Amino acid sequence: MSEAKRLAAEAAIEYVEEGMVLGVGTGSTVAYFIDALGRNPGRIKGAVSSSEQSSERLRAHGIEILDLNFTGPLSLYVDGADECDPHKRLIKGGGAALTREKIIAEASERFICIIDPAKQVDVLGRFPLPVEVIPMARSLVAREIVAMTGGQPVWRQGSNEKGVLTDNGNAIIDVHGLSIVDPVGLEAALNQIPGVVAVGLFARRPADVVIVGGEPPRTL
Ligand code: 5RP
């Protein structure tokens, strides 16, 4: 699938305009996009990055990292996804960067999502839904998710006893066994649980354009 990811990422370069401040997501597909940007780093003014991982790669290509508080609204955001339905609603957060990704998506006029064909589904939920939580609320949130959805929450493990810690210092719960027939409703309901920082459902603010990598890439 890495070839399909590269093709999707390189097709997204067409949307980048001279002098833009660009929102940049996280993940292996985005890494191809950053590498493509890096072939002509002076073309953009800078990037607002969704993770330390992407910031490091952007800087390595000589692209300046800018603070969203100072840039104002962005015209373009490019990011990958773990799943995409026919309405361009997404599951994201496989790379644990969902909160910053959501902030940048919200701040952007246009969100271009770059995926390989395996990410396309009719109904979201086969990919476990990531939820970023304040560490002390982990068990509480997990119990409420079981009661609310019937899904199975699993604490994402990392290299130590604290599990995976996001760039914001929080934990991730992955919810298995969901079939998300009402993504907008579920996103709103999960956001109400105290301790939830962000839900990896991008339904209220879906992608505007989806590029599916292939020869040639397809645009939805
Ligand atoms: C990170 C994300 C990524 O966009 C998502 O996990 C897809 O990653 P990849 O491009 O490596 O398949 O949401 O939080």
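Here the structure is a predicted model, which means the values were calculated and not measured. (Residues numbered from 1 in each chain as written. Predicted model: local features only at pLDDT ≥ 70, side-chain atom pairs only at ≥ 80, totals over all residues. Heavy atoms only, no water.)

S.K.: Account for the UniProt feature "active site" (unreviewed entry) in the chain, naming residues and giving values.
M.R.: Here, the residues flagged by UniProt with the feature "active site" (unreviewed entry) are Glu101. For Glu101, the position within the fold is in helix α5 (residues 98–107). Using a relative accessible area of 3% as the deciding quantity, one classes Glu101 as buried. Those residues in contact with Glu101 that lie beyond four places of it in its chain are Gly25, Thr26, Ser50, Tyr77, Asp79, Lys92, Gly93 and Phe202. (UniProt positions renumbered as here; feature names shortened; annotations may be inferred. Helix = DSSP H or I, 4+ residues; strand = E, 2+ residues; numbered from the N terminus. Buried < 20%, exposed > 50% of the residue type's maximum accessible area, 1.4 Å probe, protein only. Contact = heavy atoms within 4.5 Å.)

S.K.: I'd like a description of a nonpolar patch on the surface, backed by residues and values.
M.R.: Among the surface-exposed residues, Ile134, Met136 and Val197 lie close enough to one another that they form a single nonpolar patch of about 310 Å² accessible area. Here Val197 is to be found in strand β10 (residues 196–199). (Patch = residues over 30% accessible without salt bridge, like charges linked within 9 Å, V, L, I, M, F, W, Y side chains within 5 Å. Areas by Shrake-Rupley, 256 points an atom, 1.4 Å probe, with all protein chains shown as cover. Salt bridge = Lys/Arg side-chain N within 4 Å of Asp/Glu carboxyl O.)

S.K.: Give a detailed account of the pattern of salt bridges, specifying residues and quantitative values.
M.R.: This model, assessed by the stated rule, comprises 13 salt bridges. Where Glu106 meets Arg204, a salt bridge forms, and the shortest distance between an N and an O atom there is 2.8 Å. Within this pair, whereas Glu106 is found in helix α5, its partner Arg204 is found in the loop between β11 (201–202) and β12 (209–212), the two being separated by 98 residues in sequence. With a relative accessible area of 57%, Arg204 lands in the exposed category. Across the pair Arg205 and Asp208 runs a salt bridge whose closest N-O atoms are separated by 3.1 Å. Judged by its relative accessible area of 16%, Arg205 falls in the buried class. Each of Glu3, Arg6, Glu10 and Arg39 takes part in one network of salt bridges that share partners.

S.K.: Tell me about the site of the ligand, residues and numbers included.
M.R.: Around the ligand lies a shell of 17 residues, among which Ser28, Thr29, Asp82, Gly93 and Lys119 are the nearest. Measuring from an oxygen atom of the ligand, one finds a side-chain N or O atom of Lys5 at 2.9 Å. Within the side chain of Ser28, one N or O atom sits 2.5 Å away from an oxygen atom of the ligand. Contact with the protein chains covers 91% of the free accessible surface of the ligand, which is 380 Å². Looking at the shell around the ligand residue by residue, the classes come out as three nonpolar, eight polar and six charged. (Near = heavy atom within 4 Å. Polar contact = N/O pair within 3.5 Å; in protein donor to acceptor, adjacent residues only side chain to side chain. Nonpolar A, V, L, I, M, F, W, Y, C, P; charged D, E, K, R; others polar.)

S.K.: Could you give me a rundown of the domain arrangement of the chain, with the residues and numbers involved?
M.R.: Examined at the domain level, the chain breaks down into domain 1 (2–120 + 204–219) and domain 2 (129–199). A C-alpha centroid distance of 24 Å is found between domain 1 and domain 2. Taken together, the 16 residues of domain 1 in the interface contact 18 residues of domain 2. Taking both sides of the interface into account, the surface hidden between domain 1 and domain 2 amounts to around 1,200 Å²; carbon and sulfur atoms contribute 54%. The residue Lys102 makes a salt bridge to Glu187 at a minimum N-O spacing of 2.7 Å. A per-class count over the side of domain 1 that touches domain 2 returns three nonpolar, six polar and seven charged. (Domains from an automatic or database assignment. Buried area = accessible area lost by both parts, 1.4 Å probe.)

S.K.: Quick rundown of the environment of Val121? Include the residues and the values.
M.R.: Secondary-structure assignment places Val121 in the loop between β6 (108–115) and β7 (129–133). Exposure remark for Val121: the relative accessible area of 10% places this residue in the buried category. Between the C-alpha atom of Val121 and that of Cys84, which follows or precedes it by 37 residues, the distance is 6.0 Å. Once you skip the residues sitting within four places of it in the chain, Val121 turns out to touch Glu83, Cys84, Asp85, Pro86 and Arg126.

S.K.: Give a detailed account of the pairing of β6, specifying residues and quantitative values.
M.R.: Successive side chains on a regular strand alternate, one facing one side of the sheet and the next facing the other. Buried residues dominate β6, accounting for six of its eight residues. Here strand β3 (residues 74–79) pairs with β6 via five bridges, running parallel. Of the residues in β6, the one forming a bridge with Leu74 is Ser108. (Pairing = 2+ DSSP bridges.)

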